[in-house]
Amino acid sequence: MRRLYIISGILLLAFSSGVTAQVPIRGFPPSAIADQRKREQQLHAVPSADSLRARMRLLSEFPHEAGTDRSRQVAELILARFKSFGLDASIERFEALMPRPVERQLELIAPERYIAKLKEPALPEDKDSGDADQLPTFNAYSPDGDVTGEVVFVNYGVPDDYRILDSLGISVRGKIVIAKYGRSWRGIKPKVAAERGAIATIIYSDPRDDGFFVGDVYPKGSMRPAFGVQRGSVMDMPTFPGDPLSPGWASEAGSRRLSLSEATTLEPIPVLPISYEDALPILRNLGGAVVPDAWKGALPITYHFGPGPAQVHLRLKFEWATRPLYNVIARVPGARDPDQWIIYGNHHDAWVNGAEDPISGMVALEETARSVGELLKTGWRPARTLMFAAWDGEEWGLLGSTEWAEKHRAELREKAVLYLNSDTNGRGFIFAAGSHSLQSFLAEIARDIPDPRQSKSVLDVWLARRQAGLPMQSVPVVPRTGAAPARNDTIFNIDALGSGSDYTAFLDHLGLTSLHVSYGGEGSAGIYHSVYDTYDFYRRFLDTTFVYGVTEARTTGSIMLRLSEATVLPFEFGNVVRTYRKYVGEIETEAKKKDAVKALNLANVRASLNRLETSAQQFETAMSAVLKLPPARLDAVRTQLAAVNRLLFQAEQALTDEAGLPERPWFKHLIYAPGFYTGYGVKTMPGIREAVEDKPDLAVATREAARVAAAIDRYAARVREAARRLRL
């Protein structure tokens, strides 16, 4: 721990003084470190807060949801930007089912009458809040419906909430449920409600979670105003993301499509998001027992379960049409290993203007690309191919990235070293999640990036936060699974990825090594997916000086440069073993609590991890020896090293199984996946874990444990073979 702080201090001194620090960089021989540090310093000098500010103003100037000509305009602005950097760039077009609302009605009909406004008012303090062409408030992939019924309040509408309702004898069958946003991905709420026999779902944002209970509402403060509404998709993404009519293959003009009746990721019951101002009359008119304290929100009422006497009429109608997607792809061919790709992506589509989500991440990606363009002007060429992607349709269900990944499946499995993802970016501390074979690599990246506000590295900031026992999650798309870290846990680690952003097809479906990296964690905001996610809001309440956008560009730039130039790709497998053992321990602890699975034996998984540990140690020894070879000798064995590197970056694919997970074969990765009832939140070793936690079944858990053990053995064999080939 002390060594990490010393290293960080040395590097920060080096940054400020111009002295080249000879701190080791994983994957690089000592003779190559000075040149690499020089390149990174050149790259770090390029990103500019002024550039980020101007690009956010431009790209968030008008609403640009996927499937529209306005989304195409944003794609063309990004395309022109990439080309101005000297990058080979083009738009790759796909298409997908994207229903748009044509009728939305919600009316409380008893015991009083109230017609929901279903409209976010423009604010004079924010010109973009009243832009033309705003997409109405709705949940994408809700079915059409015209239903009337009594209302039941179901808290957050997750399985645990229904267990409480069951214990009280409260049924939602034939009823309309009203649920709070939060505690799960929104699509889980109608999914679980439909399983319990409900006929519709209403979702609202309670002010206790992101409204006036937390702080002043916009425009005075950053929290959700009374009529603010969270749009969003309710596609059943834990089954598969992407176009609902082309599961597993790319959706392009003229390609095969399912019929609507065959689509399995469309919700079975109507669902509509509303504001807490529209929710208040409904909740105020519920009877029945008073809810427990944990269920109570911050509205000025006593919260009751129902059912009734509140009754509502809900009518929804959509235009079910296939619409275009515009992915922007830019390439910088590698000079030494052009068939080894490092891919960095962020989506460009938004529900409305989307300054935070996704433009804050998109403009940081542009700055990384601009930095690479400046390096190209010096005559430098990357050793491996660098690619930048601006995805369309992410908000609807990861449409653009999934269709692209499915189209290029064979090439990606052969060539992709890493898929690097970002989405939103704010101020605070680094957040990293993904494949644990790159955890040590990420720790070194964080060690070498200066924090923009403190005289220390972003690693030091992260470690200090961990030591203080503060929350380590900065973005909502990848919540942790498992126990919270102990206060004395001071080792840098990355989280596991579930779903909720564009890494999903690359990691969960194709089994490609993947990372998600961003900054955030400071400040609260209540404008997610609303008309108030604007440039004015972002510059007032989020990364107000854009310095963390600069830091994000420096961080992702360093990731790409190091993976491009490394002599031996900087994978490390000891962290994989340690992390996976934690997952095994969590599952074993949970299994002991349940009679149906308390006999579960994971000795085979532990034995496989022991074999992986041996392979990891062999690889460390061999890698260390190779990097000590003189430069001339390393040049002479480039062909052998290229074969080793291919083994390393393809190793993650050994953790997949073509049969996929139980009940959802699109998800192939046996270690990382979104939970069937979490949507975004990760379930590690999901086949085993869900057979213990969700539907306890000893036979299924035992079968899945055997598959996980076999996958880890395949993984260990590839690591062992890489170690063998490194003995030059």
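Here, every reference points to the structure presented above.
First, a word on scope: everything that follows refers to the structure included in this document. (Residues numbered from 1 in each chain as written. Predicted model: local features only at pLDDT ≥ 70, side-chain atom pairs only at ≥ 80, totals over all residues. Heavy atoms only, no water.)

Spatial strand order, β1-β11-β13-β12-β14-β16-β15: seven strands in an open sheet with mixed pairing. What marks the edges here is a single partner per strand, and that holds for β1 (88–97) and β15 (428–434). Between one strand axis and the next, the sheet turns by 20° as a mean value, whatever way the strands run. Here ten bridges tie β1 to strand β11 (residues 322–332), and the two strands are oriented antiparallel to one another. The partner of Ile91 across the bridge, within β11, is Val328. Lying on the sheet, helix α4 (residues 69–84) is in contact with β1, β11 and β13 (384–391); it crosses β11 at an angle near 10°. (Pairing = 2+ DSSP bridges. Helix = DSSP H or I, 4+ residues; strand = E, 2+ residues; numbered from the N terminus. Axes fitted to C-alpha atoms, helices over the stretch in contact; angles between N-to-C directions. Contact = heavy atoms within 4.5 Å.)

Another aspect to go through is the side chain of Thr551. Inspection of the secondary structure puts Thr551 in helix α17 (residues 547–565). Under the relative-accessibility criterion, Thr551 is labelled buried at 1%. A distance of 2.9 Å separates a polar atom in the side chain of Thr551 from the backbone oxygen of Val547. Leaving out residues up to four positions away in the same chain, Thr551 has contacts with Ile449, Pro450, Pro452, Val458 and Tyr519. (Buried < 20%, exposed > 50% of the residue type's maximum accessible area, 1.4 Å probe, protein only. Polar contact = N/O pair within 3.5 Å; in protein donor to acceptor, adjacent residues only side chain to side chain.)

Looking now at the pattern of salt bridges. Tallying each qualifying case throughout the model produces 63 salt bridges. Here Glu107 ties to Arg113 by a salt bridge, and the two come within 2.5 Å at their closest N and O atoms. By relative accessible area, which is 60% here, Arg113 ends up exposed. The salt bridge partner of Asp236 is Lys191, with a shortest N-O separation of 3.2 Å. Linking Asp236 in the loop between β8 (232–233) and β9 (271–274) with Lys191 in helix α6 (residues 188–195), this pair joins segments that are 45 residues apart in sequence. The same class applies to Asp236 and to Lys191, which are both buried. Each member of the salt-bridge network shares a partner with another, and the members are Arg37, Glu40, Arg447, Asp448 and Arg562. (Salt bridge = Lys/Arg side-chain N within 4 Å of Asp/Glu carboxyl O.)

On to the environment of Glu107, then. Relative to the assigned elements, Glu107 resides in strand β2 (residues 100–110). Separated by ten residues in the primary sequence, Glu107 and Lys117 have C-alpha atoms spaced 9.3 Å apart. With residues near it in sequence (within four places) discarded, Glu107 still touches Arg113, Tyr114, Ile115, Gln311, Val312 and His313. Separated by 2.5 Å, the side chains of Glu107 and Arg113 make a polar contact.

Let's shift gears to the nonpolar core. Of all hydrophobic cores here, the largest spans 221 residues; its most connected members are Phe82, Val605 and Met685. Here this core takes eleven residues from helix α23 (residues 698–725), the largest share from any one element. Residues contacting Met685, with those up to four places away along its chain left out, are Tyr580, Tyr583, Val584, Ile587, Val605, Leu670, Ile671, Val708 and Ile712. (Core = buried A, V, L, I, M, F, W, Y, C linked by side-chain atoms within 4.5 Å.)

This part takes up the sheet that holds β9. Taken in spatial order, the seven strands line up as β3-β2-β10-β5-β6-β7-β9 in an open sheet, and their pairing is mixed. The open sheet terminates on both sides in strands that have one partner only, identified here as β3 (114–115) and β9. As paired strands, strand β5 (residues 145–153) and strand β10 (residues 311–319) are joined by six bridges and run antiparallel to one another. Its bridge partner lying in β10, Glu150 is registered against Gln311. The sheet strands contacting α6 are β6 (176–180), β7 (200–204) and β9, and the helix crosses β7 at an angle near 150°.

Tracing the chain through its elements places Arg638 in helix α21 (residues 638–650). Between the alpha carbons of Arg638 and Ser360 there is a distance of 39 Å; along the sequence they are 278 residues apart. Look past the residues within four positions of Arg638 in its chain and what remains in contact with it is Arg336 and Thr567.

Attention now goes to the packing of aromatic side chains. For the structure on display, the rule yields 31 aromatic pairs. Ring geometry for Tyr519 and Tyr548: centres 6.0 Å apart, planes at 40°, overall tilted. Of this pair, Tyr519 sits in strand β16 (residues 514–521) while Tyr548 is found in helix α17, placing the two residues 29 residues apart along the sequence. In this structure Tyr548 comes out as buried when scored by relative accessible area, which is 1%. In this structure, Arg208 packs its charged tip against the face of Phe213, placed 4.2 Å from the ring centre. When the ring centre of Trp341 is taken as reference, the NZ or CZ atom of Arg331 above it lies at 5.3 Å. (Phe/Tyr/Trp six-rings, centres within 6.5 Å; stacked < 30°, edge-to-face > 60°. Lys NZ or Arg CZ within 6 Å of the ring centre and 35° of its normal.)

Turning our attention to a nonpolar patch on the surface. A contiguous nonpolar surface patch, about 280 Å² in accessible area, is contributed by Phe212, Phe213 and Val214. Its location among the elements puts Val214 in the loop between α7 (207–210) and β8. (Patch = residues over 30% accessible without salt bridge, like charges linked within 9 Å, V, L, I, M, F, W, Y side chains within 5 Å. Areas by Shrake-Rupley, 256 points an atom, 1.4 Å probe, with all protein chains shown as cover.)

Since the α-helix advances by 3.6 residues per turn, residues separated by three or four positions end up pointing in the same direction. Within the sequence span of helix α5 (residues 159–167), burial applies to Pro159, Asp161, Tyr162 and Leu165. Buried positions in α5, seen along its axis, are confined to an arc of 150° and lie on one side of it. In this structure, the buried residues of α5 make contact with β5, β6 and α6. Just downstream of α5 lies Gly169, where phi reads positive at about 75°. (Arc of directions from axis to C-beta.)

The values reported here are purely geometric and, on their own, carry no functional implication.
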